[in-house]
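Here is what each chain is made of, one letter per residue.
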Amino acid sequence: MESAKSIAIALKKVHFLWPKATEPTIAMDELNIYRGEQLFISGPSGSGKSTLLSLIAGILAPTSGEIIINDCATNQLSSSERDIFRGDHIGFIFQQFNLIPYLTILENVVIPCQLSKLRTQNSIKHHGSVLNEAKALLTRLDLSSDLWHQKAHQLSVGQQQRVAAARALIGKPSILIADEPTSALDANRRQDFLDLLLDVCRDHGTTLLFVSHDLEIMQNFTKAIHLNDINDCGKGT
Ligand code: ADP
Ligand code: MG
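This structure is a prediction, so every number in the text was calculated from the model and none was measured.

Definitions and limits used
Note that residues are indexed from 1 along each chain, following the sequence as it is written. The naming scheme follows written order: chains are lettered A onward, ligands numbered 1 onward. Owing to the predicted nature of the model, reporting of local features is limited to residues with pLDDT of at least 70; listing and counting of side-chain atom pairs is limited to 80 or more, with chain, interface and lining totals taken over all residues. Side-chain calculation: all heavy atoms of the structure are included, whereas hydrogens and water are not. Classification of ring pairs rests on two measures: the distance between centres of Phe, Tyr or Trp rings, Trp counted by its six-membered ring, which must be within 6.5 Å, and the angle between planes, read as stacked under 30 degrees, edge-to-face over 60 and tilted in between. Per-residue accessibility, obtained with a 1.4 Å probe over protein chains only, is compared with the maximum for each type, and a residue is labelled buried under 20%, exposed over 50%, and partly exposed between these values. We count a stretch as a helix when DSSP gives it H or I for four or more residues in a row; a strand needs E for two or more, and each element gets its number in order from the N terminus. Throughout, a residue-residue contact means that at least one pair of heavy atoms, one from each residue, lies within 4.5 Å. The criterion for a residue being near a molecule or strand is simple. One of its heavy atoms has to lie within 4 Å of it. Contacts described as polar in this section are N or O atom pairs within 3.5 Å, which, within protein, must combine one atom able to donate a hydrogen with one able to accept it, while residues neighboring in sequence count only if both atoms come from side chains. Polarity classes work like this: nonpolar for Ala, Val, Leu, Ile, Met, Phe, Trp, Tyr, Cys and Pro, charged for Asp, Glu, Lys and Arg, and polar for all others, with Gly in that last group. Note on definitions: salt bridges are taken to be side-chain nitrogens of Lys or Arg within 4 Å of carboxyl oxygens of Asp or Glu. Paired strands, in this sense, are two strands between which DSSP finds at least two bridges. Crossover handedness is defined by viewing with both strands directed away from the observer: a clockwise path from the first strand over the helix to the second marks the crossover as right-handed.

What about the packing of aromatic side chains?
- Enumeration over the complete set of coordinates arrives at 4 aromatic pairs.
- On the basis of an interplanar angle of 90° and a centroid distance of 5.0 Å, the ring pair of Phe-16 and Trp-18 is categorised as edge-to-face.
- Look at Trp-18 and you get partly exposed, because its relative accessible area is 39%.
- Aromatic side chains Phe-92 and Phe-94 sit 4.5 Å apart centroid to centroid with 20° between the ring planes, which places their arrangement in the stacked category.
- With a relative accessible area of 13%, Phe-92 lands in the buried category.

Here's what the structure looks like:
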């Protein structure tokens, strides 16, 4: 029943203009994303997909309007408060993964817990320690123990991507955001990675926002939005 579902992310009359821009990149009247939903976000290059994810993650603040994440109006927070909020509640997989090349796989994966008490507590509660959860996630993502002490720069693209996923998921953030994480992979590995990610999110009850150009994978998600449509509908009213 629609009314029984709780909202993880709500955007209300959100406008965002980049400095010096004359037109908003984001103009969205309303967007509700429910807890546990697996949302596919598509749209042409330059339509504002990454900008939207940065607004939801609190990397950017809206020019006007409200962004409510887990019942917190993040648009009212300062930039450093938003950083802390993001560290606690949101895992982020970047298009280029952004691993720290000279750190080992395990060292990369535990970083979010070093930055968030809440995620450390979650790790300890469910796995006994942060390191145990890191190992469990890496195993689940098909990265065997002989790789754990290798430096991130020694890995293949597919391996780096799975490390980035483990890093985003550690400490059970309630929201996982992935910005075109499969664009560097071939079709087979793309589907394998996606299946793993969707399974882990389903098991954790994680709300997933997944941006991709690849409309073939859309059917794997519980809901899909096309960014231009939303922006058009926001601008038109
Ligand atoms: P997408 O992820 O859908 O390709 P983006 O959100 O990256 O789109 O970009 C949307 C629009 O915002 C583009 O017109 C782009 O030029 C502009 N834009 C993106 N990043 C910046 C930035 N750092 N400064 C100014 N304009 C930007
Ligand atoms: Mg983008």
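Read on for the rest.
Quick word on unusual backbone geometry
- Positive phi, close to 55°, is recorded for Asn-98, a residue that is not glycine.
- Mapped onto the fold, Asn-98 is located in the loop between strand E6 (90-93) and helix H3 (105-115).

Concerning the side chain of Glu-37
- Relative to the helices and strands, Glu-37 resides in the loop between strand E2 (26-34) and strand E3 (38-42).
- Apart from residues no more than four positions distant in its own chain, Glu-37 is found in contact with Lys-5, Asn-32, Thr-206, Thr-207, Leu-208, Thr-222 and Lys-223.

Quick word on the site of ligand 1
- Around ligand 1 sit Trp-18, Thr-25, Pro-44, Ser-45, Gly-46, Ser-47, Gly-48, Lys-49, Ser-50 and Thr-51, and that is every residue in its neighbourhood.
- Here Ser-47 contributes a backbone N or O atom positioned 3.3 Å from an oxygen atom of ligand 1.
- Considering only residue class, the shell around ligand 1 consists of 2 nonpolar, 7 polar and 1 charged.

Regarding the pattern of salt bridges
- Under the criterion given, the structure shown has 6 salt bridges.
- Note that Asp-83 is salt-bridged to Arg-86, the shortest N-O span being 2.6 Å. Placement of the pair is Asp-83 and Arg-86 together in helix H2 (residues 79-89), with a separation of 3 residues, close to one helical turn.
- Taking relative accessible area as the criterion, Asp-83 reaches 40% and is therefore assigned partly exposed.
- Arg-189 serves as the salt-bridge partner of Asp-186, at 3.6 Å between the closest nitrogen and oxygen.

Here's the deal with the pairing of strand E8 (residues 207-211)
- The buried fraction of E8 amounts to 5 of the 5 residues, a majority that puts the element mostly inside the structure.
- Of the two faces of E8, the one lined by Thr-207, Leu-209 and Val-211 and the one lined by Leu-208 and Phe-210 are each fully buried.
- As defined by bridge partners, E3 adjoins E8 across 4 bridges and the pair is classed as parallel. When the bridges of E8 are listed, Ile-41 appears paired with Val-211.
- Sheet topology note: the strand E7 (residues 175-179)/E8 ladder contains 5 bridges and is parallel. Bridged to Leu-176 within E8 is Leu-208.
- Crossover handedness for the path E7 to helix H7 (residues 187-204) to E8: right-handed.

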